[in-house]
Amino acid sequence: MSFGEKLKDLRSRKLPPLTQTDLATAIGVTQRKISFLETGTSEPSLGDLAAICRFFSVSADYFLDLPEDMPYPDSL
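Residues numbered from 1 in each chain as written. Predicted model: local features only at pLDDT ≥ 70, side-chain atom pairs only at ≥ 80, totals over all residues. Heavy atoms only, no water.

(A) Seen up close, the environment of E5. Mapped onto the fold, E5 is located in helix α1 (residues 3-13). For the pair formed by E5 and L37, sequence separation is 32 residues and the distance between their alpha carbons is 9.0 Å. Side-chain polar atoms of E5 contact the backbone nitrogen of S2, separated by 2.7 Å. (Helix = DSSP H or I, 4+ residues; strand = E, 2+ residues; numbered from the N terminus. Polar contact = N/O pair within 3.5 Å; in protein donor to acceptor, adjacent residues only side chain to side chain.)

Shown next as structure tokens:
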């Protein structure tokens with residue numbers, strides 16, 4: 001799944017389901033930005049990615065398709 005598909009999926013699975021406007025308000029961006037992110041028209045900034053991850057309590061690894069067991073630099 002793409003970043004936008006994952007974002008839309010998380011937004012719609014929230015109970016009650018969130019509108020794009022609800023999510024935008026919660027993370028401090030515009031509804032248009034959420035729409036662009038979900039359609040792949042634009043990519044999130046690092047700040048946007050962090051805000052989205054905090055809001056949904058997910059790791060950025062989920063959006064970036066990185067394995068959960070990826071080692072951190074200090075364990076290389």
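(B) Region of interest: the packing of aromatic side chains. For the structure shown, the criterion picks out three aromatic pairs. Considering the side-chain rings of F55 and F56, the 5.0 Å spacing of their centres and the 90° angle between planes classify their relative orientation as edge-to-face. Ring geometry for Y62 versus F63: centroids 5.2 Å apart, planes at 70°, classification edge-to-face. Taken together, the ring pairs in this structure connect F3, Y62 and F63 into an aromatic cluster. One Lys or Arg, K14, reaches over the ring of F55 and ends 5.1 Å from the middle of that ring. (Phe/Tyr/Trp six-rings, centres within 6.5 Å; stacked < 30°, edge-to-face > 60°. Lys NZ or Arg CZ within 6 Å of the ring centre and 35° of its normal.)

(C) Broad picture of α1. What α1 keeps buried is the set F3, G4, K6, L7, L10 and R11. Along the axis of α1, the buried positions cluster into a sector of 165°, meaning they face one direction only. Where α1 is buried, its residues contact α2 (20-27), α3 (31-39), α4 (46-56) and α5 (60-64). (Buried < 20%, exposed > 50% of the residue type's maximum accessible area, 1.4 Å probe, protein only. Arc of directions from axis to C-beta. Contact = heavy atoms within 4.5 Å.)

(D) Region of interest: the pattern of salt bridges. Overall, the coordinates contain four salt bridges when judged by the stated rule. With a closest N to O distance of 2.9 Å, D9 and R13 form a salt bridge. Here D9 pairs with R13, and both are found in helix α1, just four residues apart, close to one helical turn. You can call D9 partly exposed: its relative accessible area is 25%. For R13, a relative accessible area of 53% corresponds to the exposed category. (Salt bridge = Lys/Arg side-chain N within 4 Å of Asp/Glu carboxyl O.)

(E) Layout of a nonpolar patch on the surface. Residues L64, L66 and M70 make up a contiguous nonpolar surface patch of about 260 Å² in total accessible area. Following the sequence through the fold, L66 ends up in the segment after α5. (Patch = residues over 30% accessible without salt bridge, like charges linked within 9 Å, V, L, I, M, F, W, Y side chains within 5 Å. Areas by Shrake-Rupley, 256 points an atom, 1.4 Å probe, with all protein chains shown as cover.)

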